[in-house]
Amino acid sequence: MNSAIVGCGGIAHVHADALRQMDGVNLCAFADIKPERAEEFVTQFGNENSHAYQSFEEMLEKEQIDVLHICTPHYLHVPMAIAALEKGINVFMEKPPALSMDQLSELDRVKGNAALGVCFQNRYNASVRQVKSLLDSGEAGKVLGARAFVTWHREAPYYTESGWRGSIATEGGGVLINQSIHTLDLLKHFLGMPEKIEGTVINHHLKGVIEVEDTAEAYLLYPDKVALFYATTAFCTDSPVMVELVCEKMTIRMEETKLTITEKGKPSKEMDFSVPANSVGKAYWGNGHMACIVDYYDCLRNNRRFPITIESAGETLRLMRGIYESYNRKAPVVL
Ligand SMILES: NC(=O)c1ccc[n+]([C@@H]2O[C@H](COP(=O)([O-])OP(=O)(O)OC[C@H]3O[C@@H](n4cnc5c(N)ncnc54)[C@H](O)[C@@H]3O)[C@@H](O)[C@H]2O)c1
């Protein structure tokens, strides 16, 4: 399959490295408005027939692409996906799926059979799969309540040097749409959609530097339980993301790759699903990129539906936008 990447920045390295390790994938083209980045990708990940482009449109025009990986700033995801899908090119898109529900709905106008997959790779982490299996098998019993914490550290240069982060127009929000959307996605993956969501957002530590929030909290109301969510980039370090599920038969605490399972009246059981040696990217991105990308390609080859469809990722976007909406309206949002 001929694969191309648009946006040759931080996360694109993880995509390219995964693709380089996969059989039957030819990394044919790379595009970035900073041409030296696309050229560096040709050198590092391409072959003698790979090409670098400064223009995304020119790359689509000149190359025969089967799969496009979109690794650009948030505001470009939907227009780039539409341009590719309309040409019949399959798209594997970094999160978030869109800036807003309105922007997401622009994808409805695309006709044809090309497949769009969204990269919520943490669903593929071994620890996450284990939790999901404990829930789906009934082993854990009914979930009675959940809490999730993302406490990370981002300083001013992370925003000011990127050219797009920290701005509503190009990033679409702060810690919610960027760093912690994965954890909201996991809450939804484990518990499904809540009936209502209520939340707040605030900028504590980068006032005057970013126009988006650095901290958010939310209360997710289900018919039979409540889930609590807290995310910030104002902490002193990137602590492991923590998700805890209190269930009828056990309490499951996930701290990134580690699980602690406590069944009533028994000593806690520790399980460690540490990142394998060949995995790529920063530890806090999770270790699921490779598995997620491999599954996306496997779905394409075997005509199977990739599970992280635009509908599924769109629900997570709805959850996330619900927090902003509830904060603006000072009321819970019915989902
Ligand atoms: N799944 C994850 O865990 C994870 C982790 C990090 C980033 N991301 C996502 O990946 C995306 C990119 O993030 P990043 O941290 O790599 O950002 P980045 O700024 O490092 O890279 C973005 C690249 O896109 C290029 N670009 C901008 N406009 C372009 C255009 N019109 N045409 C072609 N190239 C263009 C930039 O020059 C830059 O090289 C974002 O959606 C981000 O949320 C996902």
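Fair warning: this is a prediction, and the values are worked out from it, not measured in the lab. (Residues numbered from 1 in each chain as written. Predicted model: local features only at pLDDT ≥ 70, side-chain atom pairs only at ≥ 80, totals over all residues.)

> How do you make sense of the overall build of the protein chain when you look at a structure like this?
Across its full length, the protein chain carries 10 helices and 15 strands. Here the C-alpha radius of gyration of the protein chain, 20 Å, is about what a compact globule of 335 residues would show, namely 20 Å. Seen through its C-alpha atoms, the protein chain measures out along the principal axes to roughly 60 × 45 × 40 Å. Among the 335 residues that make up the protein chain, the fraction classed as buried is 44%. Nonlocal contacts in the protein chain, meaning residues at least 24 apart in sequence, comprise 69% of its contacts between residues at least 6 apart. (Helix = DSSP H or I, 4+ residues; strand = E, 2+ residues; numbered from the N terminus. Rg over C-alpha atoms; globule rule 2.2 N^0.38 Å. Buried ≥ 20, exposed ≤ 12 C-beta atoms within 10 Å, placed from the backbone. Contact = placed C-beta atoms within 7 Å.)

> Got a minute to help me understand the site of the ligand in this structure?
Around the ligand sit 25 residues, and of these Gly7, Gly9, Gly10, Ile11 and Glu94 come closest. Among the elements that line the shell around the ligand, the one with the most residues is helix H1 (residues 10-20), at 3 residues. Each residue belonging to the shell around the ligand can be placed in one class, and the counts come to 12 nonpolar, 8 polar and 5 charged. (Near = placed C-beta within 6 Å. Nonpolar A, V, L, I, M, F, W, Y, C, P; charged D, E, K, R; others polar.)

> I'm lost on the domain arrangement of the protein chain in this one. Help?
When the parts come together, some accessible area is lost, and that loss is often what is quoted as the size of the interface. Taken domain by domain, the protein chain comprises domain 1 (2-121) and domain 2 (123-273 + 308-334). For domain 1 versus domain 2, the separation of C-alpha centres amounts to 27 Å. Tallying the contact residues gives 17 residues for domain 1 and 18 residues for domain 2. Breaking the side of domain 1 that touches domain 2 down by element, the ones donating at least two residues are helix H5 (101-105) and strand E6 (116-119). Looking at the side of domain 1 that touches domain 2 residue by residue, the class counts come to 12 nonpolar, 4 polar and 1 charged. (Domains from an automatic or database assignment.)

> Help me understand the sheet that holds strand E1 (residues 2-6), please; the structure alone is not making it clear to me.
Remark on secondary structure: sheet strands pair via backbone hydrogen bonds, oriented parallel or antiparallel. Here 6 strands make up an open sheet; going across it, the order is E3-E2-E1-E4-E5-E6 and the pairing parallel. The sheet is open, and its two edges are formed by strand E3 (51-53) and E6, each paired on a single side. Between one strand and the next, the sheet's axes are offset by a mean angle of 20 degrees, whatever the strand orientation. (Pairing = 2+ DSSP bridges. Axes fitted to C-alpha atoms, helices over the stretch in contact; angles between N-to-C directions.)

> Would you mind going over the pairing of strand E11 (residues 242-247) with me for this structure?
Within a regular beta strand, the side chains point alternately toward one face of the sheet and then the other, so they alternate between its two faces. Inspection of the sheet shows strand E7 (residues 143-151) paired to E11 by 6 bridges, in the antiparallel sense. If you follow Val143 over to E11, its bridge partner there is Cys247. Pairing between E11 and strand E12 (residues 250-255): 5 bridges, direction antiparallel. From the neighbouring strand, Glu244 faces E12, where its bridge partner is Arg253. Here E11 hands over to E12 after 2 residues, the two strands then running antiparallel side by side.

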